[in-house]
Amino acid sequence: MRKQLIAANWKMYKTILETKDFIDKFLILIKSVNINNREIVLCPPFTSLYVASEMLKNTNIKLGAQNMYIEEKGAFTGEISPVMIKELNCEYVILGHSERRKYFNETDEFINKKMLMALKYGLIPIVCIGETLQEREENKTFEVLKYQVENSLANLTHEQAAKIVIAYEPVWAIGTGKNATPQQAEEAQSFIREVYANMYGKDVAERIRILYGGSIKPENFKEIISQKNVDGGLVGGASLDPESFFKICCV
Ligand code: PGA
């Protein structure tokens, strides 16, 4: 059985004060229910990781970073290493988000290096893939997903391959209010699992979690997460408000 995972991707939102305010409110809400069957992860900006890590101690809410560099340390001005985020109690790191691919020219090969480094330092990578609107309209969705899986997720040992998390985020659904239908998500995600099974075997592919991301809201998530190959969600906009993220965690 795969444990469902719901992760909040705050992107470049929330100062330290806003982070404190969110976590104060979110902890009150989440303590009122008993969610043992799902992992919940907050991924704030780097500057909020320390305060978040202090506030989440002794809770079962986990912490993740939104990015990292491919070296442990060195002359890489402006970058953050896996060791640094691990020190802040991050268990997860989002890699290869479509915004990183688009604005920072990250390629599948580069994302692959990051993923290997993350695993080396004991972090669980949440590797994002997904087609653009144009690619979908040109019927290239499966081709694109296959390429991304085969290249960004290459070179793993079987043990490593069983640990990672994939997030299927169709680019046309991110921040647009236009989520993929549950059927579209299931179709893409069962395909992703199949490609992964061809790389690392069916057993390994059945163990990993594949999240859906793109305009998740409390109202649309129940049907999406009920799909066989949807093991959770990566939530952007709707994770910025404690009540709406709480509702998503509880659907
Ligand atoms: P969204 O973002 O929920 O605002 O569409 C999802 C993401 O980018 O991870």
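Below or above, wherever it landed, is the structure these notes cover. In this convention, every chain numbers its residues from 1, walking through the sequence in written order. Whole-chain, interface and lining totals are the exception, using all residues; otherwise, since this is a predicted model, local features are given only for residues with pLDDT of at least 70 and side-chain atom pairs are given and counted only at 80 or more. To get the side-chain values, all heavy atoms of the structure are used, and hydrogens and water are removed first.

### Thoughts on the environment of tryptophan 10
Convention followed: The numbering of helices and of strands both runs from the N terminus, where a helix is a DSSP run of H or I of at least 4 residues and a strand a run of E of at least 2. Contacts are residue-level and defined by heavy atoms, with any inter-residue pair within 4.5 Å sufficient.
Secondary-structure assignment places tryptophan 10 in the loop between strand E1 (4–9) and helix H1 (16–31). Distance in space between the C-alpha atoms of tryptophan 10 and threonine 157 is 31 Å, their sequence separation being 147 residues. Leave out the neighbours within four places in its chain, and tryptophan 10 touches Thr19, Phe22, Cys43, Pro44, Pro45, Gln66, Ser239 and Leu240.

### Brief notes about the sheet that holds strand E3 (residues 61–65)
Note the threshold: Strand pairing is assigned whenever DSSP detects at least two bridges linking the two strands. Helix axes are fitted to C-alpha atoms over the stretch in contact, other axes to C-alpha atoms as well, and angles between N-to-C directions run from 0 to 180 degrees.
Pairing is parallel around the closed barrel formed by eight strands, whose spatial order is E1-E2-E3-E4-E5-E6-E7-E8. Averaged over neighbouring strand pairs, the angle between their axes works out to 25° when direction is ignored. With two bridges joining them, E3 and strand E4 (residues 92–95) adopt parallel strand pairing. Across the sheet, residue glycine 64 finds its bridge partner in E4, namely tyrosine 92. Strands strand E5 (124–129) and strand E6 (165–168) of the sheet are contacted by helix H7 (residues 141–152), whose axis makes an angle of about 155° with E5.

### Some words on the site of the ligand
Formally: When we say a residue is near a molecule or strand, we mean one of its heavy atoms is within 4 Å of it. In protein, a polar contact requires one atom able to donate a hydrogen and another able to accept it; more generally it is a pair of N or O atoms within 3.5 Å, and residues adjacent in sequence count only if both atoms are side-chain atoms. To be clear on the numbers: accessible area is Shrake-Rupley with a 1.4 Å probe, and residue cover counts the displayed protein chains and nothing else. Polarity classes work like this: nonpolar for Ala, Val, Leu, Ile, Met, Phe, Trp, Tyr, Cys and Pro, charged for Asp, Glu, Lys and Arg, and polar for all others, with Gly in that last group.
The immediate surroundings of the ligand are formed by 13 residues, with Lys11, His97, Glu169, Gly175 and Ser215 found nearest. Separating an oxygen atom of the ligand from a backbone N or O atom of glycine 236 is a distance of 2.9 Å. Protein chains bury 95% of the 280 Å² of accessible surface belonging to the ligand in isolation. Here the residues of the shell around the ligand are counted per class, giving four nonpolar, seven polar and two charged.

These values are about where atoms sit, not about what they do.
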